[in-house]
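# Examining the three-dimensional arrangement
The lines below spell out each chain.
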2 protein chains.
Amino acid sequence: MEIKYDNIKVVGFDADDTLWVNETYFREAEQKFARLLSQYETENKIDQELFKMEMENLDLYGYGVKGFVLSMIESAIDLSNGKVSTATISGILHLGKEMIAKPVELLDGVEEVLEELSRDYRLIVLTKGDLLDQERKMERSGLSEYFHHIEVLSEKKEENYRNLLEHLEIKPEEFLMVGNSLKSDVLPIVNIGAQAVHVPFHTTWVHEQVHESEDNGGYRTVNNIREILRFLK
Amino acid sequence: MEIKYDNIKVVGFDADDTLWVNETYFREAEQKFARLLSQYETENKIDQELFKMEMENLDLYGYGVKGFVLSMIESAIDLSNGKVSTATISGILHLGKEMIAKPVELLDGVEEVLEELSRDYRLIVLTKGDLLDQERKMERSGLSEYFHHIEVLSEKKEENYRNLLEHLEIKPEEFLMVGNSLKSDVLPIVNIGAQAVHVPFHTTWVHEQVHESEDNGGYRTVNNIREILRFLK
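What you see is a predicted model, and the numbers here were worked out from it, not measured in a lab.

A separate point is the overall build of chain A. When helices and strands are counted, chain A shows 9 helices and 6 strands. Relative to the 2.2 N^0.38 estimate, which gives 17 Å for 233 residues, the radius of gyration of chain A is 19 Å and therefore close to what a compact globule would have. If one aligns the C-alpha atoms of chain A with their principal axes, the spans along those axes are about 60 × 35 × 30 Å. Scored against the burial criterion, the 233 residues of chain A give a buried share of 39%.

Structural data, given as structure tokens:
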């Protein structure tokens, strides 16, 4: 299937792990969490139980650091049969605050690509997660000048994208989405008739993983975000 | 100072404690929290310490239930000098989940007012807090059909309002905001040259309280949201 980019007027970017590092910080926090609880269970078991807890709480808490911290605390109490110390719980709260205060680390090539594309396209950010967190990261990133619009969605499903494009008066055939998650940034976009470019990040959260067989074509995968410039210009 | 409503084309509504009950649930949770910790301190002291903790964490956590729960847990550890049981911490987590799962209770007159006004005005919702929480409440409220646009802001300051009106292409003189918080819904609106109606809710969070002397005029106060219909039609 040949992909045409001639009609594209608006380019949308995912933020976490597309513009800047994010998942790495969650993986680091999970490792620290496992270390805090190492007297109760193996790292592997702790990882699994925490993930289960996050999935159970996802509908209630949504995405973002705060819900993650609440799930870590609940998990710590469960995994230790209620024996976990308040010092450990304070340690978990501290892990969360550390994550929120992290500096924003831009991914390779991002600034160059935004600068180039902003001359010929309308650029927008479509991200998922905690509103305050995302606004803070955008501000710290120094990238906001490149974007016409920044939208924080509670979910990234076909319906969310369809409503947003309609609201912003963007036709699907004029829209290209760039992101690291096949599940959130690529497949729903292809399904609503827009274009997508997949820029994999080295780490993907299990919840965001899909099997390649779900790949229904119609999108391009690049190793570095810079490659977009080759076919979009 | 006479207020003119002839130019108004768009009416904005705050959500929490303007369209539906919210603050009451926080006050109830605070009372339950104080009861959980009653062996360590008086209710008054617990209230004060929790509020201090919330203010310390506000920049990091923002508004909403999840940050509130994290502050309750941190406060419980502090107030008990680390002696609080994991059963009590589980109780706090449960309080939070209860709050998130609460049904939406519309305030008196709201539906009638929205139905009337939606015939002649463009109605929007401008609310603060957690994105997922607010979307969920809007969905449960059954009110979304009345609104052209729903915006969740991380803060409600003059700049946030100015940017949003610009983005939605609404002139300040065509805009009227309706809300229960002088600090968030009324004063910044008056300061950017738009109109505001204050509909006090019986409970106001200390953080949202302002002294009446800060009242610089230019807005109207009503006891029930229905009164808007008298001067807006």
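With that settled, consider the domain arrangement of chain A. Looking at the assigned domains, one finds that chain A contains domain 1 (10-20 + 104-232) and domain 2 (23-101). Computed over C-alpha atoms only, the centres of domain 1 of chain A and domain 2 of chain A are separated by 28 Å.

Moving on to the relation of the copies chain A and chain B. Both copies of the chain are tied together by a single rotation about an axis and a shift running along it. Superposing chain A onto chain B takes a rotation of 180° plus a shift of 0.0 Å along the axis, which leaves an RMSD of 0.0 Å. Here the two chains are linked by the operation of a two-fold rotation axis. Both copies share a contact surface, since 100% of the interface residues of chain A are interface residues in chain B too.

This brings us to the environment of Arg136 of chain B. Mapped onto the elements of the fold, Arg136 of chain B is located in helix H6 (residues 131-141). In this structure the C-alpha to C-alpha distance between Arg136 of chain B and Lys4 of chain B, which are 132 residues apart in sequence, comes to 35 Å.

Below, the discussion takes up the interface of chain A and chain B. Between chain A and chain B, the residue contacts involve 24 residues of the former and 24 residues of the latter. Of all the secondary-structure elements, those providing two or more residues to the side of chain A that touches chain B are helix H2 (43-61), helix H3 (65-79), helix H4 (86-101) and helix H6 (131-141) of chain A. In the side of chain A that touches chain B, the residues fall into 14 nonpolar, 6 polar and 4 charged.

Okay, the packing of helix H1 (residues 23-36) of chain B against helix H2 (residues 43-61) of chain B next. Residue and element names in this part refer to chain B. Two elements in contact, H1 and H2, have axes whose closest approach is 9 Å; the angle formed by their N-to-C orientations is 120°. In terms of orientation, H1 and H2 fall into the oblique class. The two elements H1 and H2 meet at a crossing, and its hand is right-handed. Listed contacts from H2 to Glu30, Phe33 and Ala34 of H1 are Glu43, Ile46, Asp47 and Leu50. Here the contact of H1 with H2 is built from residues that sort into 4 nonpolar, no polar and 3 charged.

For the rest of this paragraph, the subject is the pairing of strand S1 (residues 10-13) of chain A. Residue and element names in this part refer to chain A. Residues Val10 and Gly12 of S1 are buried on one face, and the alternating residues Val11 and Phe13, pointing to the opposite face, are buried as well. Sheet topology note: the S1/strand S4 (residues 175-179) ladder contains 4 bridges and is parallel. Opposite Phe13, over in S4, you have Val178 as the bridge partner.

Residue and element names in this part refer to chain A. Strand order in this open sheet of 6 strands is S3-S2-S1-S4-S5-S6, and the pairing throughout is parallel. Single-partner strands in this sheet number two, and they are strand S3 (149-153) and strand S6 (219-221). Neighbour to neighbour, the strand axes of the sheet diverge by 20° on average, direction disregarded. Bridge analysis of strand S5 (residues 195-198) against S6 gives 3 bridges, and the strand direction is parallel. For Ala196, the partnering residue across the bridge sits in S6 and is Tyr219.

A word on the packing of H3 of chain A against helix H4 (residues 86-101) of chain B. Across the interface, H3 of chain A lies against H4 of chain B with an axial gap of 10 Å and an inter-helix angle of 145°. Relative to H4 of chain B, the crossing made by H3 of chain A is left-handed. Side by side, H3 of chain A and H4 of chain B meet where Leu70, Ile73, Glu74 and Ile77 of chain A of the first sit next to Thr86, Ile89, Ser90 and Leu93 of chain B of the second. For the contact of H3 of chain A with H4 of chain B, a count of residues per class yields 5 nonpolar, 2 polar and 1 charged.

Conventions used here
Residues numbered from 1 in each chain as written. Chains lettered and ligands numbered in written order. Predicted model: local features only at pLDDT ≥ 70, side-chain atom pairs only at ≥ 80, totals over all residues. Helix = DSSP H or I, 4+ residues; strand = E, 2+ residues; numbered from the N terminus. Rg over C-alpha atoms; globule rule 2.2 N^0.38 Å. Buried ≥ 20, exposed ≤ 12 C-beta atoms within 10 Å, placed from the backbone. Domains from an automatic or database assignment. Least-squares fit on C-alpha atoms with pLDDT ≥ 70 in both. Contact = placed C-beta atoms within 7 Å. Nonpolar A, V, L, I, M, F, W, Y, C, P; charged D, E, K, R; others polar. Axes fitted to C-alpha atoms, helices over the stretch in contact; angles between N-to-C directions. Parallel < 35°, antiparallel > 145°, perpendicular 65-115°, else oblique. Left-handed = near helix turned anticlockwise from the far one by under 90°. Pairing = 2+ DSSP bridges.

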